[in-house]
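Coordinate inspection notes
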Amino acid sequence: CNDTRIIDNDVSNCYIGIWIVSTLRPESVTVTGNVVSDCSPNISYLKCGDGILLDGDQQNISGNVIRRCNLGIDIRGTKNILYQNDFDGCPICVYSPGFLDSMRGNTIYHNNFKNYSLPHWWNFKDYYSRGLWWDRYIRWFPGDGVLFEKSDSWRENYWDTWSGIGPQKILGMFGFGLGGAEGGIAVILPWFEYDRHPAREPYEISEFR
């Protein structure tokens, strides 16, 4: 989809609130001023409950309010910008997967992350309960060389669990592998990215609504 504007909608009680796929041109989709809430289906085999799912590259998502969704924004692409969105009550506010979905390298800044689950790493069967916000891989493909995925840039977001000292840790999963997703082997470890300059107060986003 291109030349698309999704603005000032109220979306609730969906498997996926807003889903954007196959963007072909940079900055061709606008998603702003929407309120998305309660996208959290209680069905164990459905790995969904995304407030906003963006499957594309170099798009902007800004000024949205996302409440009580399993995943606030599921961002499957590269060089996207998430700016001044307000998340409240989402176990994972932003999920940024790697390998085959994208090369990552998205920018996530000046967002509010409130009342999310504290990170932990004890359930290897369920991403949502693991508290993972991202995954990234280094893989060697025989004959093709090494694929190294970029990290995302987390900048000056407000985290209501931040201690007020030092950077904010963002739990994810780092894999070192040989071969592809099908038939390859990998060692997967818990890892952290960092917001090195968290905001001390929540951002006011009413101007976007």
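Residues numbered from 1 in each chain as written. Predicted model: local features only at pLDDT ≥ 70, side-chain atom pairs only at ≥ 80, totals over all residues. Heavy atoms only, no water.

**Looking at the overall build of the protein chain**
Convention followed: Here a helix means four or more residues in a row that DSSP labels H or I, a strand means two or more in a row labelled E, and each is numbered from the N terminus. A 1.4 Å probe rolled over the protein chains alone gives each residue an accessible area, and that area as a share of the maximum for its type sets the label: buried under 20%, exposed over 50%, partly exposed in between. In this analysis, two residues are considered to be in contact whenever any of their non-hydrogen atoms come within 4.5 Å of each other. Areas reported here follow the Shrake-Rupley algorithm with a probe of radius 1.4 Å; residue values treat only the protein chains shown as occluding.
Along its length, the protein chain carries one helix and 20 strands. Every one of the 209 residues in the protein chain was classed for burial, and the buried ones make up 48%. Of the contacts formed within the protein chain by residues at least 6 apart in sequence, a portion of 64% connects residues at least 24 apart. Of the accessible surface of the protein chain, which amounts to about 10400 Å², a share of 52% is contributed by carbon and sulfur atoms.

**Here's the deal with the sheet that holds strand β8 (residues 65-67)**
Here is the rule: Here a strand pair is declared whenever DSSP counts at least two bridges between the two strands.
Taken in spatial order, the six strands line up as β2-β5-β8-β11-β14-β18 in an open sheet, and their pairing is parallel. At either margin of the open sheet sits one strand with a lone partner, and together these are β2 (10-12) and β18 (158-159).

**Focus on the pairing of strand β9 (residues 71-75)**
Counting buried residues in β9 gives five out of five residues, a clear majority hidden from the surface. In this sheet, β9 lies alongside strand β6 (residues 50-55) in parallel orientation, the contact comprising four bridges. Counted as the bridge partner of isoleucine 52 is isoleucine 73 from β9.

**Re the pattern of salt bridges**
Put simply, the rule is: The rule for a salt bridge is simple: a side-chain nitrogen of Lys or Arg has to be within 4 Å of a carboxyl oxygen of Asp or Glu.
Tallying each qualifying case throughout the model produces eight salt bridges. For arginine 136, the salt bridge is made with glutamate 193, and the minimal N-O distance between the two is 3.5 Å. A residue pair is termed long-range when its members are at least 10 positions apart, and arginine 136 in strand β15 (residues 135-141) and glutamate 193 in strand β20 (residues 185-195) qualify at 57 residues. Residue classification places glutamate 193 among the buried residues on the basis of a relative accessible area of 4%. Counted as one network, the salt bridges with shared partners bring together Arg104, Arg136, Asp152 and Glu193.

**Notes on the confidence of the model for the protein chain**
Rules: You can read pLDDT as the predictor saying how much it trusts each residue, on a scale of 0 to 100.
When the pLDDT values of the protein chain are averaged, the result is 85; 85% of them are 70 or greater. Long-range and interchain partners of residues 121-125, a stretch whose pLDDT sits below 50, account for 11 contacts in this model, where long-range means more than four residues apart.

**Some points on the state of the cysteines**
For the record, the criterion: We call a pair of cysteine sulfur atoms a disulfide when they lie within 2.5 Å.
Applying the stated rule across the entire model yields zero disulfides. Counting only cysteine sulfurs, cysteine 39 is the nearest neighbor of cysteine 69, a cysteine outside any disulfide, at a range of 4.1 Å. The exposure class assigned to cysteine 69 is buried, which follows from its relative accessible area of 1%. Unpaired in this structure, cysteine 90 has its nearest cysteine sulfur neighbour in cysteine 69, at a distance of 5.1 Å.

**Some points on the nonpolar core**
What counts here: Only buried residues count toward a nonpolar core, which is a set of Ala, Val, Leu, Ile, Met, Phe, Trp, Tyr and Cys residues joined through side-chain atoms within 4.5 Å.
The biggest cluster of nonpolar side chains holds 31 residues, and the ones touching the most others in it are Ile52, Ile73, Val94, Phe113, Trp133, Trp154 and Trp159. Looking at this core, the elements that each hand over two or more residues are β3 (16-21), β4 (29-32), β6, β9 and β12 (92-95). With four residues, the top contributor of residues to this core is β12.

**Section: unusual backbone geometry**
Positive phi, normally seen in glycine, also occurs at glutamine 58, with a value near 55 degrees. Looking at the element boundaries, glutamine 58 is found in the loop between β6 and β7 (60-62). In this structure, histidine 110 is a non-glycine residue whose phi angle is positive, near 60 degrees. One can find histidine 110 in the loop between β13 (107-109) and β14 (112-114). With a relative accessible area of 18%, histidine 110 lands in the buried category.

**Overview of a nonpolar patch on the surface**
Just so we agree on the cut-off: The patches described consist of residues with a relative accessible area above 30% and no salt bridge, like charges being joined within 9 Å and nonpolar side chains (Val, Leu, Ile, Met, Phe, Trp, Tyr) within 5 Å.
Together, Trp140, Val146, Phe148, Leu178 and Ile185 give the surface a local cluster of nonpolar side chains, amounting to about 520 Å² of exposed area. Mapping tryptophan 140 onto the fold places it in strand β15. A residue is classified by how much of its surface remains accessible, and tryptophan 140, at 46% relative accessible area, is partly exposed.

**Some words on the environment of glycine 17**
Mapped onto the secondary structure, glycine 17 falls in strand β3. Under the relative-accessibility criterion, glycine 17 is labelled buried at 19%. In contact with glycine 17, not counting residues within four places along its chain, are Val11, Val36, Cys39, Asp50 and Gly51.

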